[in-house]
Amino acid sequence: MRRMSMPLDELLDASNRVAEGDYSTRVEERGTPEVRSLMAAFNSMAEKLELDDRQRRNMLADISHELRSPITIMQGNLEGMIDGVYAADPERMKSLYDETKILSRLVDDLRTLALAESGSLQLKREPTDLGLLIREAVSAFEAQAKEKEIRIELSLAHVDAIDVDAMRIREVLANLLANALRYTPSRGEVKVGVTESNVGEGRGVTILVQDSGAGIESADLAHIFDRFYKSRDSGGMGLGLSIAKYLVEAHGGKIWAESGEGKGTRVSFSIPFSREGSH
């Protein structure tokens, strides 16, 4: 009894410290096999809580930074126009408008993430021509690709119309294309394709976006779909790929990445024709 009660007393004390917000608390894994198993589970839980708390703090810092930059720019320009230092010309107004779009995108990303994590994300499915959808998504990035002298190659096999939320799938494509163009060097190439495939036990489609960049280190590759995860050379808040993952999974599909240093990165996602797994 003493061998069991002493470790359990320590576990109770540690639990109280965790309840008060000290997620660094750990207990020595000792006692009977059953008690050691309980101690190990507690340490695992505390470690996850500590990681989540660190990510939450980093997220708040990132959100503050991402909000502060466009707001500071807008305030400075507006104050300058009020004081007569800057002219309220079309060029400056367009610059301010661009900053509002950055803010809007940030708010939309946070809202989508909140809906997805709470299970409240609703899809508006309708029969969709994926070939046309992909062409429209790519066209939005043509100017950016032209500026960097990047060629976008399309390989679009004919697939039947599929019931998806076109706006959400376009959002997934926009995230993948933005990343591909960001990491592809000047005069590089981005490939975008769609094929019919097997998803689980049924028919589906697979869409891929492949860049010709430097590739992703293996240590980072395993975490690129984690929320708020950012590699050393990534910008933003680390929400894009995690949101893409939520949106694909809401359609009953899956998303994955393949990469090698110096070999570029290919991100693919598959969606079934059936509606199973949708929200």
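Right, let's walk through the structure included here. (Residues numbered from 1 in each chain as written. Predicted model: local features only at pLDDT ≥ 70, side-chain atom pairs only at ≥ 80, totals over all residues. Heavy atoms only, no water.)

What follows covers the sheet that holds strand β4 (residues 189-199). The five strands lie next to each other as β2-β4-β5-β7-β6, forming an open sheet whose pairing is mixed. Each edge of the open sheet is held by one strand with a lone partner, namely β2 (151-156) and β6 (254-259). Along the sheet, successive strands turn relative to each other by an average axial angle of 20 degrees, direction set aside. Bridge count between strand β5 (residues 202-210) and strand β7 (residues 265-272): seven bridges; the pairing is antiparallel. Bridge pairing in β7 places T206 opposite S270. On top of the sheet, helix α4 (residues 130-139) reaches β2, β4 and β5; it is set at about 175 degrees to β2, its chief contact. Lying over the sheet, helix α8 (residues 240-250) contacts β6 and β7, oriented at roughly 135 degrees with respect to β6. (Pairing = 2+ DSSP bridges. Helix = DSSP H or I, 4+ residues; strand = E, 2+ residues; numbered from the N terminus. Axes fitted to C-alpha atoms, helices over the stretch in contact; angles between N-to-C directions. Contact = heavy atoms within 4.5 Å.)

The next subject is the environment of G193. Examined against the element boundaries, G193 turns out to sit in strand β4. For the pair G193 and L156, spaced 37 residues apart in the sequence, the C-alpha separation amounts to 5.2 Å. Contact partners of G193, with chain neighbours within four places excluded, come to S155, L156, T206, I207 and L208.

Another point: the environment of P272. Residue placement: P272 occurs in strand β7. Separated by 75 residues in sequence, P272 and S197 place their C-alpha atoms 8.7 Å apart. Residues within four places of P272 in sequence aside, it is in contact with I162, V199, R203, G204, H251, G252 and G253.

What follows concerns helix α2 (residues 33-82). Given a rise of 1.5 Å per residue, 50 residues ought to cover 74 Å, and the 73 Å separating the end C-alpha atoms of α2 matches this to within 8%. At the C-terminal side of α2, G84 shows a positive phi close to 80 degrees. (Expected span 1.5 Å × (residues − 1).)

The relative placement of two packed helices comes down to the angle between their axes together with the axis-to-axis distance. Two elements in contact, α4 and helix α6 (residues 166-183), have axes separated by 10 Å at closest approach and are oriented at 45 degrees. Considered as vectors, α4 and α6 are oriented oblique to each other. As α4 runs across α6, the sense of the crossing is right-handed. Each of L133, I134, E136, A137 and V138 in α4 lies in contact with α6, whose residues at this interface are A166, I169, R170, L173 and L177. The class makeup of the residues in the contact of α4 with α6 is eight nonpolar, no polar and two charged. (Parallel < 35°, antiparallel > 145°, perpendicular 65-115°, else oblique. Left-handed = near helix turned anticlockwise from the far one by under 90°. Nonpolar A, V, L, I, M, F, W, Y, C, P; charged D, E, K, R; others polar.)

Attention shifts here to the environment of L173. For L173, the position within the fold is in helix α6. Note: C-alpha distance between L173 and V138 (35 residues apart in sequence) is 8.3 Å.

Our focus in this paragraph is the packing of α6 against α8. The geometry of α6 relative to α8 is characterised by a closest axis approach of 9 Å and an angle of 150 degrees between their N-to-C directions. Looking at the two axes, α6 sits roughly antiparallel to α8. As α6 packs across α8, the resulting crossing turns out to be left-handed. Counting all contacts with α6, which are made through R168, E171, V172, N175, L176 and N179, the residues of α8 involved are G240, L241, I243, A244, L247 and V248. For the contact of α6 with α8, a count of residues per class yields seven nonpolar, three polar and two charged.

Before going further, it helps to examine the layout of surface pockets. Approximately 330 Å³ is the volume attributed to the second largest pocket. Lining the second largest pocket are 13 residues, with R105, D108, M167, E171 and A174 sitting closest to its centre. Put simply, the parts of the chain that give the lining of the second largest pocket at least two residues each are α3 (90-118) and α6. Across the lining of the second largest pocket, the residue classes break down as five nonpolar, one polar and seven charged. (1 Å grid on protein atoms, 1.4 Å probe; cavity = no way out; pocket = protein on both sides within 12 Å on 5 of 7 lines; lining within 4 Å. Points joined across faces, edges and corners; volume = space filled by probe spheres on them.)

Across soluble globular proteins, you tend to see nonpolar side chains buried next to one another. In terms of nonpolar packing, the biggest core is built from 45 residues, with L130, L173, V190, V192, V205 and F269 touching the most fellow members. Looking at this core element by element, the count peaks at eight residues for α6. Formed by seven residues, the second largest nonpolar core is a distinct cluster that contains L11, V27, V35 and F42. (Core = buried A, V, L, I, M, F, W, Y, C linked by side-chain atoms within 4.5 Å. Buried < 20%, exposed > 50% of the residue type's maximum accessible area, 1.4 Å probe, protein only.)

The subject of this paragraph is the pairing of β4. As paired elements, β2 and β4 share six bridges and run parallel to each other. Looking at β4, one finds that L156 is bridged to V194. In the sheet, β4 pairs with β5 via nine bridges, with the strands oriented antiparallel. By the bridge assignment for β5, T195 is matched with T206.

Remember that the coordinates give geometry; whether it matters functionally is a separate question.
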